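Okay, here's what each chain looks like letter by letter:
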Amino acid sequence: KKTDIMFINLETPLIKGCPATVDGMVFCGDTKNIEGLLAIGVNVANIANNHAGNHGVDGVTETRALLHNADIAVTGVDGPLYKNVRGIRFAFLGYNDISKSQPGITNADDAVIKKEIIQAKQHADIVIVTYHWGVEYRNQPDDDQKRLGHLSIDAGADVVIGNHPHWIQPIEFYKGKLITYAHGNFIFDQMWSKKTKEGVIGRYIFYDKQLIDVEYLPLLIQDYGQAEFLEGEKAAAILADMKKQSQILATDGK
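Residues numbered from 1 in each chain as written. Predicted model: local features only at pLDDT ≥ 70, side-chain atom pairs only at ≥ 80, totals over all residues. Heavy atoms only, no water.

Engineer: Help me out: how do you make sense of the overall build of the chain in this one?
Structural biologist: Each helix and strand counted, the chain has five helices and 14 strands in total. Its C-alpha radius of gyration of 17 Å places the chain within 12% of the 18 Å reference for a compact globule of 254 residues. Dimensions of the chain, computed from the C-alpha atoms along their principal axes, are close to 50 × 45 × 35 Å. Burial analysis of the chain (254 residues in total) assigns 48% to the buried set. Once local pairs closer than 6 in sequence are excluded, the contacts in the chain between residues at least 24 apart make up 63%. Seen as two clouds, the 26 positive and the 32 negative side-chain charges of the chain have centres 4 Å apart. (Helix = DSSP H or I, 4+ residues; strand = E, 2+ residues; numbered from the N terminus. Rg over C-alpha atoms; globule rule 2.2 N^0.38 Å. Buried < 20%, exposed > 50% of the residue type's maximum accessible area, 1.4 Å probe, protein only. Contact = heavy atoms within 4.5 Å. Lys, Arg positive; Asp, Glu negative; His and termini not counted. Charge placed at Lys NZ, Arg CZ, Asp CG, Glu CD.)

Engineer: Before we go on, may I ask you to explain the pairing of strand β14 (residues 226–229) in this structure?
Structural biologist: On a regular strand, one side chain projects to one face of the sheet and the next to the other, so that they alternate. Strand direction decides the pairing type here: strand β13 (residues 210–222) and β14, joined by four bridges, are antiparallel. Looking at the pairing, Ile-221 lines up with Ala-227 of β14. Hairpin connection of β13 to β14: three residues between the antiparallel strands, including Asp-223 at a positive phi of 50 degrees. (Pairing = 2+ DSSP bridges.)

Engineer: Can you help me understand a nonpolar patch on the surface in this one?
Structural biologist: Judged by side-chain polarity, Ile-40, Phe-186 and Ile-187 come together as a nonpolar surface patch covering roughly 240 Å² of accessible area. By the secondary structure assignment, Ile-187 is in the loop between β11 (177–180) and β12 (198–207). (Patch = residues over 30% accessible without salt bridge, like charges linked within 9 Å, V, L, I, M, F, W, Y side chains within 5 Å. Areas by Shrake-Rupley, 256 points an atom, 1.4 Å probe, with all protein chains shown as cover. Salt bridge = Lys/Arg side-chain N within 4 Å of Asp/Glu carboxyl O.)

Engineer: I tried to follow the pairing of strand β7 (residues 88–96) on my own but got confused; where do I start?
Structural biologist: Along β7, eight of the nine residues are buried, which leaves the element largely enclosed by surrounding structure. In terms of strand pairing, strand β6 (residues 81–85) meets β7 through five bridges, oriented antiparallel. Within β7, the position partnered with Lys-83 by the bridge is Phe-90. Each parallel crossover has a hand, and for β7 linked through helix α3 (residues 110–123) to strand β8 (residues 126–132) it is right-handed. (Right-handed = clockwise from strand over helix to strand, strands pointing away.)

Engineer: How should the packing of α3 against helix α4 (residues 143–155) be read in this particular structure?
Structural biologist: The packing of two helices is summarised by the inter-axis angle and the distance between the axes. In the contact formed by α3 and α4, the axes pass within 9 Å of each other and the chain directions differ by 35 degrees. The crossing of α3 and α4 is right-handed. Of α4, the residues touching α3 (which contributes Asp-110, Ile-113, Lys-114, Ile-117 and Ile-118) are Arg-147, Leu-148, Leu-151, Ser-152 and Ala-155. For the contact of α3 with α4, the residue count by class is six nonpolar, one polar and three charged. (Axes fitted to C-alpha atoms, helices over the stretch in contact; angles between N-to-C directions. Left-handed = near helix turned anticlockwise from the far one by under 90°. Nonpolar A, V, L, I, M, F, W, Y, C, P; charged D, E, K, R; others polar.)

Engineer: Which parts of the structure should I look at to understand the pattern of salt bridges?
Structural biologist: One side chain can pair with another of opposite charge once the charged atoms of both are near each other. Taken as a whole and judged by the stated rule, the model has twelve salt bridges. Across the pair Asp-110 and Arg-147 runs a salt bridge whose closest N-O atoms are separated by 2.7 Å. Highlighted residues: Asp-110 in helix α3 and Arg-147 in helix α4, separated in sequence by 37 residues. Owing to a relative accessible area of 31%, Asp-110 belongs among the partly exposed residues under this scheme. Taking relative accessible area as the criterion, Arg-147 reaches 36% and is therefore assigned partly exposed. Between Asp-125 and Lys-209 there is a salt bridge, with the nearest N and O atoms lying 3.7 Å from each other. With a gap of 84 residues between them, Asp-125 in the loop between α3 and β8 and Lys-209 in the loop between β12 and β13 connect regions that are remote in the sequence. Residue classification places Asp-125 among the partly exposed positions, given a relative accessible area of 23%. Connected through shared salt-bridge partners, Asp-110, Asp-144 and Arg-147 make up one network.

Engineer: Explanation requested: the packing of aromatic side chains in the structure shown.
Structural biologist: A full pass over the atoms with the stated rule returns eight aromatic pairs. Seen from their ring centres, Tyr-131 and Trp-133 are 4.8 Å apart, and the 5 degrees between their planes marks the pair as stacked. There is no split in this pair, since Tyr-131 and Trp-133 are both buried. On the basis of relative accessibility, which here comes to 0%, the residue Trp-133 falls in the buried class. Here the guanidinium or amino end of Lys-195 rests over the ring plane of Trp-167, the centre of that ring lying 5.1 Å away. (Phe/Tyr/Trp six-rings, centres within 6.5 Å; stacked < 30°, edge-to-face > 60°. Lys NZ or Arg CZ within 6 Å of the ring centre and 35° of its normal.)

Engineer: Is there a simple way to think about the sheet that holds β13 in this case?
Structural biologist: Pairing between sheet strands relies on hydrogen bonds along the backbone, with the strands arranged either parallel or antiparallel. Read across the open sheet, the three strands follow the order β12-β13-β14; overall the sheet is antiparallel. The sheet terminates laterally at β12 and β14, the two strands that pair on one side only. Taking each pair of neighbouring strands and ignoring which way they run, the sheet shows an average axis angle of 40 degrees. The sheet strands contacting helix α5 (residues 232–250) are β12 and β13, and the helix crosses β13 at an angle near 125 degrees.

Engineer: Explain unusual backbone geometry to me, please; I cannot follow it from the model alone.
Structural biologist: The phi torsion of most residues other than glycine is negative, and most of the peptide bonds are trans. Unusually for a residue other than glycine, Tyr-137 sits at a positive phi of about 65 degrees. Along the chain, the position of Tyr-137 falls in the loop between β8 and α4. In this structure, Lys-209 is a non-glycine residue whose phi angle is positive, near 65 degrees.

Here's what the structure looks like:
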């Protein structure tokens, strides 16, 4: 809540009368869950992901209206989202790169990505691109993640942020720009393994229209969705593994 921009990936439509389900992978949350987003200060949400369309275009439309009415800006639809903070103009773009395209959101397409990033760069100081990409439960990004990350920076992106693998993945500096391939889980219910209960929140600090620092805050999910920040040795262990995986990526696994 101390940040100027709290940017999240919202991986479920929020709809009235969200039906309970005990199996399968069709997600939704009740509209009252907007209170949780407001409680932690969320003001920008990406909805371009593989569960956005689980309740069709109507579910996407209802979610967007709910977020708008709560003064939470939405990206992952309709091109760049712009936000001015302390004299810096940010642009946010979101894309879903998971194989099954979702209705009502922006699905990854190279030509569209390049066009929208170029457009955003013409009107913003900082362009932040987020992707839903990769393969679940892997330490390292796959070739398509790396290709899209590099393509985005080549087109003008300043920071690339990823999600979907449910594990923390490494960072990479490409042409002086930062890619965080996956932050791991945050508010989620995968309690069946250590790695799916871990995540990091990225604190990205900008000054004079450039990224000057980044800090990753390790967390552990307790009791189905209760995220707690870690300290001491437990936090250090997560960051050490993230660094190790980043070194492996930087040396092509050698």
